[in-house]
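Remarks on the overall topology
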Amino acid sequence: MSTGKVRDFDEITSFLGDYGLFQILIIVLLSFSAMPAGYMGVIVVFVSDTPEHYCRSSINSTRYGTDWEQENGFQERGSWMGPGSCSRYKLRENWTTAAGFNDTEQCLDGWVFSTDRYTATIVSEWDLVCDNAWKVPFSTSLFFVGVLIGSFASGHLSDRFGRKPVLFFTMVLQTVTALIQATSVTWVMFSILNCLRGLGQISSLIASLILGSEMLSQSVRVTYILLGHSLGFGIGYALLPLFAYFIRGWRMLLVAAAIPGFLFIPTWCLIPESPRWLLQKGRVEEAELVIHKAAQWNRVPAPEVIFRAGECLELMVLFFLTLCAMKAIVLQYEICSKLMSVTMVYYGLSLNSSNLNGNVYLNCFISAAIDIVVYVATWLLINRAPRPTFLFSTLMFCGIMLLVIQLVPEGLCVLALVGKIGVSAAYCFIYVFFTELMPTVVRNMGLGICSTAARIGAIISPYLLYMSVYSRILPYIIFGTVSIMAAVVSMLLPDTRNSKLPDLITQTKHIRR
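In the nomenclature of an unreviewed UniProt entry, the protein corresponds to Major facilitator superfamily (MFS) profile domain-containing protein from the organism Amphilophus citrinellus. Comment text from UniProt for the protein, heading Subcellular location (unreviewed entry), reads "Membrane".

What follows is the structure in C-alpha cells.
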C-alpha cells in the first residue's frame, strides 16, 4: 500500500479540464433529462382542475337539454336551477321559475361542466365534485406518495446498481406510466398510475443530479446544478402552461407530456456511468475507460494508468472502513430531513397557481418564470455568502412574505408569488448544498433519505391547499411558519462553500453545535 498522500478524484482527473466537449455534453443531456420532472410534478394543476359547474336539470324538466344548458345555463343557473353547485331546486309541476322555492335536493342527475377553459379534466370526467371532491387532493397526494417511495428506494438502488441504470429505468417508468394513465377508465386506475408516475419522476431527477455532480469538477458542479439541472427543471415547468393552453383535454396533455421522455432514451449510449461510483465498487478498469473516453472527447492526453494500484487499494480499503462510521453523519441526515420539509412549501405554492385570481395559464407561467429567474440569480449569488446563511435568508424571506398575507389579505396573489421567490431559491440551492454534504459511498441514498422526509410534507400540501375552502389565508400561514422553522434549522449545517466533494464518510463536515 502506498505510503504517500492519496490523491482525491478531482485531483487525479484534473487533466480533463472543466468545460471540454465531454463536460458540455453531460451538462446538456442531463439537464434535458430534468425537463420532464419539471412539469410532471405540477401537471395536476390542469389535469385535475375543477371547471365551473352546476347541477344538471331533472330529466323530467322542460328545461332539460345539454346543448341548451351548455349555452345558457352558466348565465341563468342562479335564477332557476338552485342555490349552489351541489344542490338544485326540487321539480314542481307546471313551474317555469324556481324563484321563491326553498325545497332543494342533491344533484341526482349529475352535473354540467363549463368547457370554456377545458374540454375535459378528471373532475368533469368522473364528477369529482361535492361529496366526491376529496378525491382530487387525494389523487395528488398519491403522486407524492410515489415520490416518497421513489426517493427512498432509488437511493438504495442507485448506490447498489449504479446511477445510470436507475436514471434510464425510472425515466422509462415515468414516460410509460404517463401514456397508460392517459387511457385510464376509472379514478382508481388514474390514482394508482399517479403514484407510479411520482415514483419515476423523483427517481430520475435525483439520479441525474447525482450522476452529473460526480462526473464534473468542483468549479463546474455548481454551474451544472443551478444553470443546467435546475434550469432544465424550470424550463420544463414553464412549458407546461404552453402545452396546456393548446391541449385542453387531460388525456392528450398526458400523452404530450410523455414525448420528451422517449426522446431522452437514445442518449443511453452517450452518458457513461459515474466513475466515482465505479471506483467505490472496485471496478477500476471501467472507471479508467470512462476517463479515457472523456479525454478523447476533450482531445487532451491521458495517462495510460490513471488510478495507481496502491492508490486504488487504499481508496477501496477506506471506502470499506467508512461503512463502519455511519454515526458521523446521522445528525446531519436528521437536519437534512427536517430542512427538506421546505418541499411542502415549494409544491404548495406551485400547485396553488390555479387558485389565484386571474388566468390560470398566465399564473402558472409566471410561477415558472419566477423559478427560472431565481435559478440564474442563485447561481450569481451562491458563492458570495456562506451556505447556511444563504439558505437561512431565502427561507426567512419566504416565510415573512407568506405571513404578511394575513395582515394584507388583498395582496394575497402578489405576496404569494413574491414569497415563492425565496422558496424557489432555497429549493434549487438545497440540491447544491446537500450534494456537497454527502460522501460518494452514500450520496444517492443520503439525498434519497432527505427527499423521502420532504415528500411527507409534499403529500400533505394538496390538503393544506384544500383548506382554503374554509379559510383562504390559513394555508399561507402554515407554509410561512414551516419556512421560518426550516430557516432556523438551516443554521446548524456546516459551510461547504469552495469545498471538494467528499468521497468518504470520514471526510464529511460535522453540524454546528
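1. A few points about the overall build of the protein
The helix and strand tally for the protein stands at 21 helices and 4 strands. Burial statistics for the protein: of 513 residues in total, 57% are counted as buried. In the protein, the share of contacts with a sequence separation of at least 24, taken over all contacts with a separation of at least 6, comes to 80%. Carbon and sulfur atoms make up 64% of the accessible area of the protein, which totals about 21,200 Å².

2. Regarding the packing of helix H8 (residues 163-181) against helix H9 (residues 187-215)
At their nearest, the axes of H8 and H9 sit 7 Å apart, and the two run at 150° to each other. Taken together, the axes of H8 and H9 lie roughly antiparallel to each other. When you trace H8 past H9, the crossing you get is left-handed. Classifying every residue of the contact of H8 with H9 gives 14 nonpolar, 10 polar and 3 charged.

3. Overview of helix H16 (residues 342-351)
Burial of H16 is extensive: 10 of the 10 residues sit out of reach of the surface. Buried residues of H16: Val-342, Thr-343, Met-344, Val-345, Tyr-346, Tyr-347, Gly-348, Leu-349, Ser-350 and Leu-351, and no others.

4. Brief notes about the environment of Thr-119
Tracing the backbone shows Thr-119 in the loop between strand S4 (111-113) and helix H6 (122-126). It is 8.2 Å that separates the C-alpha atoms of Thr-119 and Trp-250, two residues lying 131 residues apart in sequence. Excluding residues that lie within four positions of it along the chain, Thr-119 makes contacts with Arg-248 and Gly-249. At 3.3 Å, the side chain of Thr-119 forms a polar contact with the backbone nitrogen of Gly-249.

5. Here we look at unusual backbone geometry
We note that Asp-127 has phi near 50°; this positive angle belongs to a residue other than glycine. Checked against the element boundaries, Asp-127 lands in the loop between H6 and helix H7 (135-161). Positive phi values are uncommon outside glycine, yet Arg-299 reaches one of about 60°.

6. Observations regarding the packing of aromatic side chains
One pass over the structure, following the stated rule, counts 21 aromatic pairs. Considering the side-chain rings of Tyr-347 and Tyr-427, the 6.2 Å spacing of their centres and the 85° angle between planes classify their relative orientation as edge-to-face. With a gap of 80 residues between them, Tyr-347 in helix H16 and Tyr-427 in helix H19 (residues 412-437) connect regions that are remote in the sequence. Residue Tyr-427 is classed as buried on the basis of its relative accessible area of 4%. A network of ring pairs unites the aromatic residues Phe-143, Phe-144, Phe-233, Tyr-346, Tyr-347 and Tyr-427 as a single cluster. Across the ring face of Trp-268, the terminal group of Lys-164 is positioned such that the distance to the ring centre comes to 4.2 Å. Above the plane of the ring of Tyr-245 lies Arg-248, whose end atom (NZ or CZ) is 4.8 Å from the centre.

7. Section: the environment of Ser-341
When you line up the elements, Ser-341 lands in the loop between helix H15 (330-339) and H16. Looking at Ser-341, the relative accessible area reads 21%, which means it is partly exposed. Along the primary structure Ser-341 and Ile-456 are separated by 115 residues, whereas in three dimensions their C-alpha atoms are 7.7 Å apart.

8. As for the nonpolar core
Judged by nonpolar contacts, the single largest core of 132 residues is most densely connected at Phe-46 and Phe-307. Per element, the largest residue contribution to this core is 16 residues, and it comes from H19. Counting only domains with at least three residues in this core, you end up with domain 1 (7-53 + 110-312) and domain 2 (322-512).

9. Description of the pattern of salt bridges
The full count for this structure, using the stated rule, is 6 salt bridges. Across the pair Arg-163 and Glu-214 runs a salt bridge whose closest N-O atoms are separated by 2.7 Å. Taken together, the residues Arg-163 in helix H8 and Glu-214 in helix H9 connect sequence positions 51 residues apart. Residues Arg-163 and Glu-214 agree in their burial class; the two are buried. Put simply, Lys-420 and Asp-371 hold a salt bridge, and the shortest N to O gap is 2.6 Å. Of this pair, Lys-420 sits in helix H19 while Asp-371 is found in helix H17 (residues 360-381), placing the two residues 49 residues apart along the sequence. Residue classification places Lys-420 among the buried positions, given a relative accessible area of 1%. One connected set of salt bridges, linked through shared partners, spans Asp-159, Arg-163 and Glu-214.

10. Looking at the packing of H8 against helix H11 (residues 250-264)
The contact between H8 and H11 brings their axes to 8 Å, and the two run at 160°. As the angle between them shows, H8 and H11 are arranged roughly antiparallel. In this structure, H8 crosses over H11, and the sense of that crossing is left-handed. Along its contact with H8, which presents Leu-167, Phe-168, Met-171, Thr-175, Ala-178, Leu-179 and Gln-181, the element H11 presents Trp-250, Leu-254, Val-255, Ala-258, Gly-261, Phe-262 and Phe-264. Here the residues of the contact of H8 with H11 sort into 11 nonpolar, 3 polar and no charged.

11. A look at a nonpolar patch on the surface
Together, Val-172, Val-176, Ile-180 and Phe-262 make up an exposed nonpolar region whose accessible area comes to about 290 Å². In terms of residue count, H8 provides more of the nonpolar patch than any other element does, 3 residues in total. Inspection of the secondary structure assignment puts Val-176 in helix H8. On the basis of relative accessibility, which here comes to 33%, the residue Val-176 falls in the partly exposed class.

12. Let's talk about helix H2 (residues 21-33)
Over its 13 residues, H2 runs 18 Å from end to end, which matches the ideal 18 Å to within 8%, given 1.5 Å per residue. Among the residues of H2, Phe-22, Gln-23, Leu-25, Ile-26, Ile-27, Leu-29, Leu-30, Ser-31 and Ser-33 are the ones counted as buried. Taken together, the buried residues of H2 touch helix H3 (35-40), H8, H9, helix H10 (218-246), H11 and helix H13 (284-298).

13. Quick word on the confidence of the model for the protein
For the protein, per-residue confidence averages 79 on the pLDDT scale, and residues scoring 70 or more make up 79% of the total. Mean pLDDT across the secondary structure elements of the protein bottoms out at helix H5 (residues 66-80), with 48, and peaks at H8, with 94. In the model, residues 318-331 has pLDDT below 50 throughout and makes 21 contacts with residues more than four positions away in sequence or in other chains.

Cut-offs applied
- Residues numbered from 1 in each chain as written.
- Predicted model: local features only at pLDDT ≥ 70, side-chain atom pairs only at ≥ 80, totals over all residues.
- Heavy atoms only, no water.
- UniProt positions renumbered as here; feature names shortened; annotations may be inferred.
- Helix = DSSP H or I, 4+ residues; strand = E, 2+ residues; numbered from the N terminus.
- Buried < 20%, exposed > 50% of the residue type's maximum accessible area, 1.4 Å probe, protein only.
- Contact = heavy atoms within 4.5 Å.
- Areas by Shrake-Rupley, 256 points an atom, 1.4 Å probe, with all protein chains shown as cover.
- Axes fitted to C-alpha atoms, helices over the stretch in contact; angles between N-to-C directions.
- Parallel < 35°, antiparallel > 145°, perpendicular 65-115°, else oblique.
- Left-handed = near helix turned anticlockwise from the far one by under 90°.
- Nonpolar A, V, L, I, M, F, W, Y, C, P; charged D, E, K, R; others polar.
- Polar contact = N/O pair within 3.5 Å; in protein donor to acceptor, adjacent residues only side chain to side chain.
- Phe/Tyr/Trp six-rings, centres within 6.5 Å; stacked < 30°, edge-to-face > 60°.
- Lys NZ or Arg CZ within 6 Å of the ring centre and 35° of its normal.
- Core = buried A, V, L, I, M, F, W, Y, C linked by side-chain atoms within 4.5 Å.
- Domains from an automatic or database assignment.
- Salt bridge = Lys/Arg side-chain N within 4 Å of Asp/Glu carboxyl O.
- Patch = residues over 30% accessible without salt bridge, like charges linked within 9 Å, V, L, I, M, F, W, Y side chains within 5 Å.
- Expected span 1.5 Å × (residues − 1).
- pLDDT = per-residue confidence, 0-100.

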